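What follows is each chain in one-letter form.
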Amino acid sequence: MLRSANPTVSLQYRQDMPPPGGFEAVKYKRNLPFRGPSGLVILGAVTAVCAYGFYRVGKGNLEKRELQREKVWSRIHLVPLLLAEGDRDAYRREVAAVEREKEIMKDVKGWEPGKSVYNNARYRSAESIVVL
């Protein structure tokens, strides 16, 4: 306040007032932008992805088990065929060996081709494979 030298003279003061309608509101709130999904949403998404992955692993295991079963049964069903083929091959080799023996021992008197050199009647399979 200003004081004048003469106390009887009053001075008019002009007070500074707000503009008509008032000042605009003071912005005191934090203005943070949206920073992505919440932790609960992320946890739910990760759980869903893991559940789907385990589902697919389970389906893959079932498929693998079925393929393994099919492979085992196909081998079981092929065993008689493979045994018969092996028997035919062994017979063919034995006939060829007797024919070679006939050719080689044709000059020896009393030699019977294909007869066992052992003095018993029990069958003995060939113990060695002839490689030509």
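- Under an unreviewed UniProt entry, the name given to the protein chain is NADH dehydrogenase [ubiquinone] 1 alpha subcomplex subunit 13, and the source organism is Serpula lacrymans var. lacrymans.
- The protein chain has a UniProt comment under Sequence similarities (unreviewed entry) that states "Belongs to the complex I NDUFA13 subunit family."
- Comment text from UniProt for the protein chain, heading Function (unreviewed entry), reads "Complex I functions in the transfer of electrons from NADH to the respiratory chain. Accessory subunit of the mitochondrial membrane respiratory chain NADH dehydrogenase (Complex I), that is believed not to be involved in catalysis."

## Re a nonpolar patch on the surface
- A cluster of nonpolar side chains, namely Val-108, Trp-111, Val-117 and Tyr-118, defines an oily patch on the protein surface of about 400 Å² accessible area.
- Relative to the helices and strands, Trp-111 is located in the segment after helix H1 (39-104).
- For Trp-111, a relative accessible area of 36% corresponds to the partly exposed category.

## Side note on H1
- A rise of 1.5 Å per residue sets the reference length of H1, with its 66 residues, at 98 Å; its end C-alpha atoms lie 91 Å apart and thus fit the reference within 8%.
- The largest bend in H1 is about 35°, located at Leu-78, with the proline Pro-80 one to four residues further on.

## Digging into the pattern of salt bridges
- In total, this model carries five salt bridges according to the counting rule given.
- Across the pair Asp-89 and Arg-92 runs a salt bridge, and its minimum N-O distance is 2.7 Å. Note that Asp-89 and Arg-92 are positioned in helix H1 at a spacing of three residues, about one turn of the helix.
- Take Asp-89: its relative accessible area is 29%, and that puts it in the partly exposed class.
- The shortest N-O distance in the salt bridge between Glu-103 and Lys-106 comes to 3.1 Å. Each member of the pair, Glu-103 as well as Lys-106, is classed as exposed.
- Because the salt bridges share partners, they merge into one network encompassing Asp-89, Arg-92 and Arg-93.

Criteria and thresholds
- Residues numbered from 1 in each chain as written.
- Predicted model: local features only at pLDDT ≥ 70, side-chain atom pairs only at ≥ 80, totals over all residues.
- Heavy atoms only, no water.
- UniProt positions renumbered as here; feature names shortened; annotations may be inferred.
- Patch = residues over 30% accessible without salt bridge, like charges linked within 9 Å, V, L, I, M, F, W, Y side chains within 5 Å.
- Areas by Shrake-Rupley, 256 points an atom, 1.4 Å probe, with all protein chains shown as cover.
- Salt bridge = Lys/Arg side-chain N within 4 Å of Asp/Glu carboxyl O.
- Helix = DSSP H or I, 4+ residues; strand = E, 2+ residues; numbered from the N terminus.
- Buried < 20%, exposed > 50% of the residue type's maximum accessible area, 1.4 Å probe, protein only.
- Expected span 1.5 Å × (residues − 1).
- Bend = angle between axes of the 7 residues up to and from the residue.

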